[in-house]
Amino acid sequence: MNAAEKALSTFREPPYMYNCAQTICAAFGRDDLLEPMKACGGGRAPEGTCGALYAALTLAGDKAPAVQEAFLAAHGACTCRELKGGAARVACQDCVRTAANLLEKLGL
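Within every chain, residues take consecutive numbers counted from 1 along the sequence as written. Two thresholds apply to this predicted model, a pLDDT of at least 70 for residue-level local features and 80 or more for giving and counting side-chain atom pairs, whereas whole-chain, interface and lining totals are computed over all residues. Hydrogens and waters are ignored; side-chain quantities use all the structure's heavy atoms.

Let's talk about the pattern of salt bridges
Operational definition: What makes a salt bridge here is a side-chain nitrogen of Lys or Arg within 4 Å of a carboxyl oxygen of Asp or Glu, nothing more. Residue burial is assigned from relative accessible area. The probe radius is 1.4 Å, only protein chains are included, and a residue is buried under 20% of its type maximum, exposed over 50%, and partly exposed in between.
Throughout the structure, instances matching the rule amount to 2 salt bridges. One salt bridge in this structure joins D32 and R30, with 2.8 Å as the shortest N-O distance. By relative accessible area, R30 is classed as partly exposed at 33%. Between D94 and R97 there is a salt bridge, and its shortest N-O distance comes to 2.8 Å.

Below, the structure is given as structure tokens:
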């Protein structure tokens, strides 16, 4: 199972019911971040950043700018409001998949 599949298996799925930010942390074995990331789903991450992206940026460390750039290239936006509104209407699952794949490519 790749990282995106791991993340999506816990995204709003029993028994976990994790939000987008938590799924990324769980997929990469960062259970220590599950509680803090609980407040970062649904557009509530700092500056309205997509929760999945915010978690990926947190895990990426010094490679965060590259992750953000690639996420923006993939979806055209980085905030939940922009991703959900307008013509694009990117699904949360797609954001989770992209964030997980980007981290996996970094070898995290």
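Next comes the rest of the description.
A short note on helix 5 (residues 64-75)
Basically, it comes down to this: A run of H or I in DSSP becomes a helix once it reaches four residues, and a run of E becomes a strand once it reaches two; helices and strands are each numbered from the N terminus. Multiplying 1.5 Å by the helix residue count minus one yields the expected span of that helix. Picture the helix axis, draw a direction to every C-beta atom, and the arc is the one those directions span. Contacts between residues were defined by any pair of non-hydrogen atoms, one from each residue, lying within 4.5 Å.
When the terminal C-alpha atoms of helix 5 are compared, their 16 Å separation across 12 residues agrees well with the 16 Å that a helix rising 1.5 Å per residue should span. Among the residues making up helix 5, those that are buried are A64, V67, F71 and H75. On an axial view of helix 5, the arc spanned by its buried residues comes to 60 degrees, and they lie on one face. Counted as exposed and oriented over 90 degrees from the buried face of helix 5: P65, E69 and A73. Buried residues belonging to helix 5 abut helix 4 (51-60), helix 6 (80-84) and helix 7 (92-105).

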